[in-house]
Amino acid sequence: YDGYSSEESYIGGAPVGANKNDINQNLADVEKFMTAIESCYPLTLGFDIVPYYKEADKCCFCPCGGGLKKWRESVGVDSLIGDRECDLKKANTPMSLMGHLRDIGGVKKEKKGFTPMGCEFHYAIRVYLETLYSMNGDYRGGVGHKALYQMNDDNYRRAVAAELTLLKKEIQAGKKVIAEQETENWRLKSEREKLEEDMAKIKKINEHFYDKISSLEKDREKLKIEKKNPTSCLTDEQLQRYSKSWQRYRDVTKKCYTKFSKQGKDTKDVTPKLKLTVEMCMTKTRVFDVQKFLDGEYCRSKNTNIWKAFFASQLKNPEHILLDWNVVFENKVTEGQDAKDTTAVDDGGPSRQFLSECWKQLLALHILVGKKPVKLFEKSRSGVIPVTDDFLCHKVKISLSKQSGCDDSSEIDQFIENAKCYYRAVGRIILHSIMVSTTVSSSALVPLFQNFLLRNCSPRDPEYDKDDILQHITGIVFGDNPKKALSDLLKSTHETEDEEGNREEIILDENNIFSVFVYDACIDSRKIALSAMLDGLAPRDEKGEVIIDLRDIFWMMPHDAMERILFSRQSLTAEEVIGCLVPQFDQGGSEADADSVDRLECVQ
């Protein structure tokens, strides 16, 4: 208050004549009040907008008025005002607010002299605004706000002109945005019309696929999930880089278990291969019976190499799974037929055929409870998935009670252990297929379980994109109604278990339906199957240490890359089908038939 200007303008402080002894104020209170004033956005809101119609900037409130009492209470300065609260409760334009501040917190020049300041808080607010929006700064090109000047003086007219110039720029920018939005609306309308046309065609051709797409779009809308941006898709360069990383990892791992012997100057792979003798039963749908093969090997001695490789919880000889197999297909020898003519030598073909049959017959895999088969897998629209723990235990219990009249828990546990051995064998077969670079059928391990078993990624993980989860759980039935969509479960109650094992009921919403319900319904409900399959995919040695864990390499890759490297494609586009067709032309001489020359044979 010591540096007053000699000018009579209100900008820059009080005019000469204002004696600081007449200013009844408390510097500490004013400093505290002005420290809080920086967060008072209703004070400056009208100054920061360009009024495009009359009184559009009527949104300024006086911090000392009743309209901002709650703000003063929230920042702890209401007690400083006390009984000096002003009557300005409603919103004002910047011009009227500055007039109010000058009347209550300023000084007036009269015939007899100057009227001293009435309220030091109003005076401080006035100086704050004059400093913030003055011509001495960068505000509106250094002209300042019109509310700081007396109407119709030169400074006021310059400020009005600057405001109009800014308004024109804002209008031009707004028109540009509107034009861009209209163009975008037209584009979206065209896309929507094309999509509706395509959906109508899909419904006529494949109503099942139409229902799948409709359900997915319905879930996206209700769960407020944005469709994944196509630009985030995997490029060919990225896929090649991930593929090379996996190949190096696989080759190094396999070399650790490969045995070589020197034969002169050369070295030869002498690693003993696991021999699988398979009895052929040629039908229209299968070459051999996978169930019969696994049942036969499971019932044999636990000391056989196949039993140890497929069913044992600890893998004594990792090379039996990580390296090539010697698959022998044997047909029953009829009278007078040489046995050599009925045995297929494994140069790669029999092994691939064995794995292919495993994927095709996975749905039929079961365990026998007495004479009653209990299936281990069920069919979904996405592929084959393991049955739930409740289903498996219930079927085992029912089968036991029907056949023996008892449901002893120890007997039930024994059959559950049998099921775990079969699930473990499936995991080992998948691991072998991956390690020998044989494509795994995408229907044998659906994307949701690919992520969980091979990338250690579940619906609870925030990096698992919600749109990806929606697509990956398509076809998995929730509850008794097969047509029930995930979004239909919103606002319903769900009982879950916390980390301490306590049961609690929650209301499903957009935030917890994936991390809680989808995890419980798809992952936690299949602990028996998934833990055993994981035991097969990440085998342990006799000391209990993990031999190989594919999650070490695949967790660093996006799921799209891993799926394209390891698994078959679920569907092909028309361009991809055309791309895999190779034209072969006849190379006839001069006398070649014209039809022969023009003939085109396309082979896949």
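Scroll up to find the structure this text is about.
Not measured: the values here are computed from a predicted model. Within each chain, residue numbers correspond to sequence positions counted from 1 in written order. In keeping with the model being predicted, local features are shown solely for residues with a pLDDT of at least 70 and side-chain atom pairs are shown and tallied solely at 80 or more, while totals for entire chains, interfaces and linings include all residues. Side-chain figures throughout are based on the complete set of non-hydrogen atoms in the structure, without hydrogens or water.

Chemist: Quick one: what's the story with the overall build of the chain, residue by residue and with numbers?
Modeler: Helix and strand content of the chain: 23 helices and 15 strands. Taken over 604 residues, the chain has a buried fraction of 40%. In what follows, residue pairs with any heavy atoms lying within 4.5 Å of each other are defined as contacts. Expressed as a percentage of contacts within the chain between residues at least 6 apart in sequence, the contacts between residues at least 24 apart total 63%. For the chain, the computed accessible surface area is about 35,700 Å², with 49% contributed by carbon and sulfur atoms. Elements are defined by DSSP. Helices are runs of H or I of four residues or more, strands are runs of E of two residues or more, and each kind is numbered from the N terminus. Here's how the labels work: a residue is buried when its accessible area is under 20% of the maximum for its type, exposed when over 50%, partly exposed in between, all with a 1.4 Å probe on protein chains only. Per-residue and other accessible areas follow the Shrake-Rupley method at a 1.4 Å probe size, with only the shown protein chains counted as cover for residues.

Chemist: Summarise the nonpolar core; cite the residues concerned and give the values.
Modeler: If you look at the biggest cluster of nonpolar residues, it comprises 103 residues, and the most contacted ones within it are Phe310, Trp325, Phe354, Leu392, Tyr423 and Leu486. With 14 residues, the top contributor of residues to this core is helix α15 (residues 409-435). Beyond its immediate chain neighbours, meaning those up to four positions away, phenylalanine 310 contacts Leu274, Leu276, Phe293, Leu294, Ile321, Trp325, Cys421, Arg424, Ala425, Arg428 and Ile429. To qualify as a nonpolar core, a set must consist of buried Ala, Val, Leu, Ile, Met, Phe, Trp, Tyr and Cys residues joined through side-chain atoms within 4.5 Å. With 33 residues, the next largest nonpolar core counts Val30, Trp71, Val77 and Tyr149 among its residues.

Chemist: How would you summarise the pattern of salt bridges if you had to cite specific residues and measurements?
Modeler: We count a salt bridge whenever a side-chain nitrogen from Lys or Arg sits within 4 Å of a carboxyl oxygen from Asp or Glu. One pass over the full model with this rule turns up 28 salt bridges. For lysine 222, the salt bridge goes to aspartate 488, with nearest N and O atoms at 3.9 Å. One end of the pair, lysine 222, is in helix α8 (residues 207-222); the other, aspartate 488, is in the loop between α17 (466-472) and β12 (493-497), and 266 residues separate them in sequence. With a relative accessible area of 33%, aspartate 488 lands in the partly exposed category. For aspartate 251, the salt bridge is made with arginine 250, and the minimal N-O distance between the two is 3.3 Å. The class for arginine 250 is buried, based on a relative accessible area of 13%. Within the structure, one salt-bridge network assembled from shared partners comprises Lys69, Arg72, Glu73, Asp78 and Glu85.

Chemist: Please provide a residue-by-residue account of the packing of aromatic side chains, values included.
Modeler: Two measures describe an aromatic ring pair: the distance that separates the ring centres and the angle between the ring planes. A pair of aromatic rings is counted whenever rings of Phe, Tyr or Trp (Trp by its six-membered ring) have centres within 6.5 Å, and the orientation is called stacked for planes under 30 degrees apart, edge-to-face for over 60 and tilted otherwise. Under the definition given, this model contains 17 aromatic pairs. Each ring, one from phenylalanine 310 and one from tryptophan 325, has its centre 5.5 Å from the other, and the planes form 40°; the classification is tilted. Of this pair, phenylalanine 310 sits in helix α11 (residues 305-310) while tryptophan 325 is found in strand β6 (residues 325-330), placing the two residues 15 residues apart along the sequence. There is no split in this pair, since phenylalanine 310 and tryptophan 325 are both buried. Feature note: the residues Phe288, Phe293, Tyr298, Trp307, Phe310, Phe311, Trp325, Phe329, Phe354 and Tyr422 constitute an aromatic cluster, connected by ring pairs. The criterion is that NZ of a Lys, or CZ of an Arg, lies within 6 Å of the ring centre and within 35 degrees of the ring normal, and then a charge sits over that ring. Seen from the ring of tyrosine 242, arginine 241 lies directly overhead, with NZ or CZ sitting 5.7 Å from the centre.

Chemist: So what's going on with a positive patch on the surface? Residues and values would help.
Modeler: For patch building, the residue pool is restricted to those with more than 30% relative accessible area and no salt bridge; the joining distance is 9 Å between like charges and 5 Å between nonpolar side chains (Val, Leu, Ile, Met, Phe, Trp, Tyr). All tallies of charge rest on Lys and Arg as positive and Asp and Glu as negative; His and the ends of each chain are not included. Note on charges: their place is set at NZ of Lys, CZ of Arg, CG of Asp or CD of Glu. Taken together, the side chains of Lys372, Lys375, Lys395 and Lys402 make up a positively charged region of the molecular surface. Within the residue set of the positive patch, elements represented by two or more residues are β9 (372-375) and α14 (389-404). Topologically, lysine 395 is positioned in helix α14. Given a relative accessible area of 37%, lysine 395 falls into the partly exposed group.

Chemist: So what's going on with helix α1 (residues 27-37)? Which residues, and what values?
Modeler: Considered for burial, the residues of α1 that qualify are Val30, Phe33, Met34, Ala36 and Ile37. One face of α1 carries all of its buried residues, which in axial projection span an arc of 155°. Turned more than 90 degrees off the buried face of α1, the exposed positions are Glu31 and Thr35. Taken together, the buried residues of α1 touch α2 (41-44), α3 (69-75), α4 (78-81) and α6 (120-132). It is the directions from the helix axis to the C-beta atoms that the arc portrays.

Chemist: Before we move on, could you go through unusual backbone geometry and cite the residues and values that matter?
Modeler: Of note in this structure, serine 437 is not a glycine but carries a positive phi near 60°. Within the secondary structure, serine 437 sits in the loop between α15 and α16 (447-455). With a phi close to 55°, asparagine 456 is a non-glycine residue in the positive phi region. Topologically, asparagine 456 is positioned in the loop between α16 and α17.

Chemist: With reference to specific residues and values, describe the side chain of arginine 72.
Modeler: Mapped onto the fold, arginine 72 is located in helix α3. Within 3.5 Å is the distance limit for a polar contact, defined as a pair of N or O atoms, with the added protein rule that one can donate a hydrogen and the other accept it, and that residues adjacent in sequence qualify only through two side-chain atoms. At 2.6 Å, the side chain of arginine 72 and the backbone oxygen of glycine 65 are in polar contact. Sequence-distant contacts of arginine 72, defined by excluding residues within four places in its chain, comprise Pro63, Cys64, Gly65, Val77, Asp78, Ile81 and Glu85.

Chemist: Outline the pairing of strand β8 (residues 366-369), listing residues and values.
Modeler: A strand pair is defined by DSSP finding two or more bridges across the two strands. Where β8 lies against β9, 4 bridges are found, and the strand directions are antiparallel. Across the sheet, isoleucine 367 pairs through a bridge with valine 374, a residue of β9. Here β8 hands over to β9 after 2 residues, with glycine 370 in that stretch at a positive phi of 70°.

Chemist: Account for the pairing of β12, with residues named and values stated.
Modeler: By the alternation rule, side chains of β12 split into His494 and Thr496, which are all buried, and Thr493, Glu495 and Glu497, of which none is buried. As paired elements, β12 and strand β13 (residues 503-507) share 5 bridges and run antiparallel to each other. Bridging from a neighbouring strand, threonine 496 pairs with glutamate 504 of β13. Two successive antiparallel strands, β12 and β13, enclose a turn made up of 5 residues, where glycine 501 displays a positive phi of approximately 90°.

Chemist: Requested: an account of the side chain of arginine 551, with residues and values cited.
Modeler: As for its placement among the helices and strands, arginine 551 is situated in helix α20 (residues 551-554). Arginine 551 sits in the buried class, given a relative accessible area of 19%. Ignoring any residue separated from it by four or fewer positions in sequence, one finds arginine 551 in contact with Leu453, Leu454, Arg455, Asn456 and Leu534.

Chemist: A description of the packing of helix α13 (residues 349-360) against α15 should follow, citing residues and the corresponding values.
Modeler: As a rule, the C-alpha atoms of each element are fitted with a line to give its axis, helices using only the stretch in contact, and angles between N-to-C directions run from 0 to 180 degrees. At their nearest, the axes of α13 and α15 sit 11 Å apart, and the two run at 135° to each other. With respect to their mutual orientation, α13 and α15 come out oblique. Crossing of α13 over α15 shows left-handed handedness. Residues Leu355, Cys358 and Trp359 of α13 form the contact with α15, whose participating residues are Ile429, Ile430, His432 and Ser433. Under this grouping Gly is polar, as are all residues other than the nonpolar Ala, Val, Leu, Ile, Met, Phe, Trp, Tyr, Cys and Pro and the charged Asp, Glu, Lys and Arg. In terms of residue class, the contact of α13 with α15 is built from 5 nonpolar, 2 polar and no charged. Here the angle decides the label: under 35 degrees means roughly parallel, over 145 means roughly antiparallel, 65 to 115 means roughly perpendicular, and every other value means oblique. Left-handed describes a crossing whose near helix is turned anticlockwise from the far helix through less than a right angle; right-handed describes the clockwise counterpart.

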